[in-house]
Amino acid sequence: MLGLGLLSWKGYDSLEASLATYNRIGMLDLFEEVVAYLPEAAEPGPSICRAAGVRPVEAATNQGILAGFEGLARAMTADVVLLVENDCPVIVDHAEARRQIQHARQLIESGAVRIVRLRSLAEPGEAFTTRAKFHRYFPAEGASGTERLNAWLRRLLRPERTRRALGEAVLHDQRLAVESGVARLDAEGFALTTSRHIPWTNQSVMIRREDFLASVIEVAKAADTRRRVNGAKNIEIEMNAPHWRNAEIPIAVAPGIFTHRRVGSRGY
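Attention here is on the structure that accompanies the text.

Re the sheet that holds strand 6 (residues 184–185)
Spatially, 3-2-1-4-8-5-9-7-6 is the arrangement adopted by the 9 strands of the open sheet, whose pairing is mixed. Both outer strands of the open sheet, strand 3 (55–59) and strand 6, are each paired with one neighbouring strand and no more. Inspection of the sheet shows strand 1 (residues 2–7) paired to strand 4 (residues 80–85) by 6 bridges, in the parallel sense. Counted as the bridge partner of G5 is L83 from strand 4. Against the sheet, helix 1 (residues 12–24) makes contact with strand 1, strand 2 (33–39), strand 4 and strand 9 (250–258), and its axis sits at roughly 155° relative to strand 1, the strand it touches most. Against the sheet, helix 3 (residues 65–75) engages strand 1, strand 2, strand 3 and strand 4, with an angle of about 150° to strand 1.

Let's talk about the pairing of strand 3
Note: strand 2 against strand 3, 5 bridges, orientation parallel. Residue A36 lies in a different strand from strand 3, and its bridge partner there is P56. A crossover connection joins strand 2 to the parallel strand 3 through helix 2 (residues 45–51); in handedness this β-α-β unit is right-handed.

A short note on helix 7 (residues 159–167)
Helical geometry: 3.6 residues make up each α-helical turn, so side chains three or four residues apart lie on a common side. Residues of helix 7 that are buried include every one of T162, A165 and G167, and no others. Check the buried side of helix 7 and you find it contacts helix 5 (130–137), helix 6 (145–157) and helix 8 (169–172).

About the thresholds
Per chain, the residues get numbers from 1 upward, laid out in the order the sequence is written. Totals for whole chains, interfaces and linings use all residues, but because this is a predicted model, local features are given only for residues with pLDDT of at least 70 and pairs of side-chain atoms are given and counted only at 80 or more. Neither water nor hydrogens contribute to the side-chain values; these are computed over all heavy atoms in the structure. The pairing criterion for strands is at least two bridges between them, as found by DSSP. Under the DSSP-based scheme used, a helix requires at least four consecutive residues in state H or I and a strand at least two consecutive residues in state E, with every element numbered from the N terminus. Contacts: residue pairs with any heavy atoms within 4.5 Å of one another. Helix axes are fitted only over the stretch in contact, all axes being lines through C-alpha atoms; the angle between N-to-C directions runs from 0 to 180 degrees. If the strands point away from the viewer and the path from the first strand over the helix to the second runs clockwise, then the crossover is right-handed. Only protein chains enter the accessibility calculation, which uses a 1.4 Å probe; a residue is then buried when its area is under 20% of its type maximum, exposed when over 50%, and partly exposed in between.

Nothing here speaks to function; it is all geometry.
In structure tokens form, the structure reads like this:
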């Protein structure tokens, strides 16, 4: 059973806009279960969900991103879940969404990977800051001679940062990722790599629900970290640690079907 889960703490303008893109291409028909988890629920959130054919699960309080994703996963019953935030509209047509979602599911159910990332590589959208950092070490095509010289010096003087940047080539320069052995491309154009090279992301991931709860949520809850987002854990901070990199979790990076686009007022 395949499920789609959306997390929306307020931000109902973005939620409505994202759901409109899903229904425009008929994407919800690809899932046996579709749930939206609404911490600190208030109208029009639940009504927006019901109008779009999505089951809203309301929570009286908001306890942060980690607690929100845990609540979402526990509200679902599907074996494999695609988890997105409220500001992740789909930017491909139905045929391409179906192709990538079905292949992602097959990779997970076959055991080839445990996680598939489905944020668009071509149009990742807002708050995608890692690309600029990557190009400081591996310049983009057309970079100036000065930029290339500075990047060469950084690679020479900062070998550990260079290694980390090279790992993220799977997100920014897949030719380099393949040539350097960071990833390999399968027949559907998905880059196969591991958690040694790319971090956990809350943006548009497919995973087995029980795996998510056990190896992501419980590990993040137990992590001894001090940084917080709005006073609470957010998963990404807690998973950006040696235990994640050393686990060598097999991950697939899809060409992607979602972007990141906030709309209107977030309500906070």
